[in-house]
Amino acid sequence: MKKRDIRERLAGEVLLADGAMGSLLVSRGAPPDSPRSPICLTTASLVREIHDDYIGAGAQILTTNTWDANRVKLARFDWADSLEKINRAAVRMAHEAAEGEYVYVAGDVGPLGELVKPYGTLTKAQVRELFAEQIRILLEERVDLLLFETFSSTLEAVEAVRAARELSAEVPILASMTFLADGKTPFGADAAEALQALHDAGADVVGMNSTIGPQESLEVFQRVVPYVPAPVSVMPTAGYPWLVAGRMVYPATPDYFRDLAREFVKGGVAVLGGCQGTGPEHVAAMAREVVGKPRRHVAHLEAAVPAEVPPQVAPGLETSALKRRLADPEAFVVTVEIEPPRGTDASAAVDGARLLKGFGVDGINVTDNPMARLRMSSIAVAHLVKKETGAEAVFHYSPRDRNVLGIQSDLLGAAGLGIKALLVVGGDPLKIGDYPQGKHVGEVDTLGLLRIVKGLNQGVDMAGGPIGSSTSFAIACAANPAAPGLDVEIQKLQAKVESGATFAQTQPVFDPAALDRFYARPESRLIPVLVGLVPLKSLKQALYFANEVPGMHVPETAIARMRAAAEKGPEFEREEGVLLAIELARAIAERARGLHLMPMARYDVVKRILAELPARGRAEGSPAGGGR
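Bear in mind the structure is a predicted one, so any value in this text is a computation, not a measurement.

Peer 1: Before we move on, could you go through the nonpolar core and cite the residues and values that matter?
Peer 2: One broad rule of soluble globular proteins: the nonpolar side chains tend to lie buried together. Core analysis: the biggest nonpolar cluster contains 83 residues, and Ile338, Leu356, Phe395, Leu411, Leu422, Val444 and Leu595 have the highest contact counts within it. Take this core: its biggest share by element is 8 residues, from helix H22 (residues 570–591). Apart from residues no more than four positions distant in its own chain, Val444 is found in contact with Leu115, Tyr119, Pro399, Val404, Ile407, Leu449, Ile452 and Met462. Counting 81 residues, the second largest nonpolar core, distinct from the first, contains Leu46, Val103, Ala163 and Ile173.

Peer 1: So what about unusual backbone geometry? Which residues, and what values?
Peer 2: Phi is positive for Arg142, close to 60 degrees, though the residue is something other than glycine. Mapped onto the elements of the fold, Arg142 is located in the loop between helix H7 (124–140) and strand S4 (145–151). Although it is not a glycine, Ala601 sits at a positive phi angle of roughly 70 degrees. Looking at the element boundaries, Ala601 is found in the loop between strand S18 (594–597) and helix H23 (603–611). Among the residues examined, Ala601 registers a relative accessible area of 52% and is labelled exposed.

Peer 1: Describe the packing of helix H17 (residues 446–457) against helix H18 (residues 486–499), and please don't skip the residues or the numbers.
Peer 2: For any two helices packed against each other, one specifies the crossing angle of their axes together with the interaxial distance. In the contact formed by H17 and H18, the axes pass within 8 Å of each other and the chain directions differ by 25 degrees. Classed by the angle they form, the pair H17 and H18 counts as roughly parallel. Pair H17 / H18 crosses with right-handed handedness. Residue-level inspection shows Leu447, Leu450, Arg451 and Lys454 of H17 in contact with H18, the latter providing Ala495, Lys496, Glu498 and Ser499. Residue composition of the contact of H17 with H18, grouped by class: 3 nonpolar, 1 polar and 4 charged.

Peer 1: Which residues make up the sheet that holds strand S10 (residues 271–272), and what values go with them?
Peer 2: Overall, parallel pairing links the 8 strands, which are arranged S1-S10-S7-S6-S5-S4-S3-S2 in an open sheet. Each edge of the sheet is formed by a strand with only one pairing partner; in this case those strands are strand S1 (15–16) and strand S2 (61–63). Sheet topology places strand S3 (residues 104–109) next to S4; 4 bridges connect them, and they run parallel. Across the sheet, Asp108 pairs through a bridge with Leu147, a residue of S4.

Peer 1: Could you give an account of the side chain of Ser378, with specific residues and numbers?
Peer 2: Here Ser378 is to be found in helix H15 (residues 378–389). By relative accessible area, Ser378 is classed as buried at 2%. Here the side chain of Ser378 touches His396 through a polar contact of 2.8 Å, landing on its backbone oxygen.

Cut-offs used in this document
Residues numbered from 1 in each chain as written. Predicted model: local features only at pLDDT ≥ 70, side-chain atom pairs only at ≥ 80, totals over all residues. Heavy atoms only, no water. Core = buried A, V, L, I, M, F, W, Y, C linked by side-chain atoms within 4.5 Å. Buried < 20%, exposed > 50% of the residue type's maximum accessible area, 1.4 Å probe, protein only. Helix = DSSP H or I, 4+ residues; strand = E, 2+ residues; numbered from the N terminus. Contact = heavy atoms within 4.5 Å. Axes fitted to C-alpha atoms, helices over the stretch in contact; angles between N-to-C directions. Parallel < 35°, antiparallel > 145°, perpendicular 65-115°, else oblique. Left-handed = near helix turned anticlockwise from the far one by under 90°. Nonpolar A, V, L, I, M, F, W, Y, C, P; charged D, E, K, R; others polar. Pairing = 2+ DSSP bridges. Polar contact = N/O pair within 3.5 Å; in protein donor to acceptor, adjacent residues only side chain to side chain.

Below you can see the structure in the form of structure tokens.
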């Protein structure tokens with residue numbers, strides 16, 4: 001017998017959904033660190049048992065075990081080739097369990113697990129294609145409705161709903177976001193606005209699930225339901241979990257869920273179920289208060305839309321000498337790189353910075369776990385440099401090891417410590433460092449990180465929420481004037497500038513001709529570019545750079561000079577490297593806005609190079625400067 005359209009039933013009654021799948025699978029023996037949906041193939045009986053238990057508890061909506069069955073998430077565990085098999089098996093299993101006319105099968109679709117541009121790498125078109133791949137299979141297997149759940153990004157959730165609507169104008173859609181206790185998504189979107197966006201995209205039912213427990217969910221629900229022009233669903237977690245003997249334990253009891261289910265029904269909920277930590281016992285408890293109950297319709301109110309007020313960035317005197325130098329078109333800016341310690345004693349780095357400040361450099365760069373090897377935090381060392389020497393510090397910062405919450409917290413901390421500049425880098429591959437098995441986080445790429453810093457400078461976080469006092473970073477990006485594909489490199493530089501970069505520091509350049517090709521392009525002058533220079537210390541190093549480091553070009557003339565010097569002895573070899581560096585520095589001063597030296601702690605070489613630069617444009621009181 002054909003099931004009645006769920007939308008017709010929701011017009012007059014409250015429906016009861018099932019509870020968690022993932023946490024219940026783990027509690028029944030599934031590996032906690034593995035994807036859940038492939039269990040439909042590897043241990044199908046376990047999934048079927050959970051479906052049966054939920055139906056026995058009174059659930060009227062059964063969710064397929066497909067929340068993580070998209071290509072992005074499955075690829076992380078080498079299951080992507082089985083995407084179709086997993087989704088089809090999951091739906092068929094749910095249909096078998098829900099046989100009859102009273103239980104609906106909801107095809108479950110979760111977030112992709114990758115951020116969308118501008119902060120991540122996925123375009124909207126790619127997002128829609130990835131969702132469509134999974135949704136098409138769910139529709140072919142004739143799910144009774146589509147369930148989009150646990151989305152923290154409104155943008156991604158809207159694209160998922162749109163992908164579904166492109167494939168089917170008829171299928172019922174329930175789209176659910178995850179909200180915090182303050183009624184906002186983790187990205188800062190207001191609950192009523194987010195749910196309105198889902199409805200506008202084509203969702204028939206909108207709602208909330210995950211993250212918060214029933215009491216906080218009720219409070220958010222009561223605040224937003226009058227402003228949402230669609231039936232609203234709620235699927236709370238069983239409270240905030242804690243770890244006990246290696247297992248996640250959730251505190252909310254079935255009786256507690258039953259009591260609050262009564263309040264949800266009074267408030268006009270359309271669908272009520274559970275999320276992480278809930279099980280058949282919670283659903284059975286709620287069934288007494290939900291199943292067969294008429295749905296209360298809440299009078300709709302129009303949400304007041306406050307006038308958008310741009311964040312205020314208080315003007316003031318620029319206290320950063322480095323930023324003033326970068327803003328002066330006649331100044332030749334010099335920065336020098338130091339490396340943080342492996343341990344807790346940063347005295348060598350601080351002493352090096354003190355020497356460099358005495359030489360008249362404009363900024364001290366502090367690297368971020370270079371070569372993916374453990375070092376003290378670049379922010380901590382930059383703070384010590386500034387505090388102990390008064391020198392301007394530029395900390396390197398990579399999104400490789402941090403999520404977006406940690407990134408923003410670090411950046412606010414750096415700004416609070418008075419650090420005024422950073423260099424955004426991609427980070428060296430973990431496989432070449434101390435921890436080759438370490439997990440690459442990389443929630444955003446370098447362009448996304450640049451946009452985050454730009455936003456903080458404008459007084460807003462990644463979600464657009466005000467942060468009070470704005471940061472005031474000079475934002476550096478990396479560049480490579482000697483890249484073999486100069487067109488691509490120029491395009492990358494332009495994208496970085498558009499994302500927020502205000503100056504650039506480049507990879508080492510050993511050939512002035514490469515600089516001429518670079519500066520022949522007008523895009524190369526969009527921002528000040530500080531050209532990188534490594535003083536060669538040996539023929540061996542020159543050959544290594546020329547043959548083993550991607551994107552680095554050492555001309556044959558330089559190698560021949562280092563080879564001839566090496567034949568005379570190590571001291572001649574080192575001296576030739578310094579002479580080459582002085583020549584290159586002069587060539588850079590004739591072409592570029594600045595010089596970025598990477599001396600590998602050879603500070604005496606820095607002093608010699610700076611002494612040979614022309615004095616044009618140097619900072620007042622410094623022993624060396626340069627022109628452009």
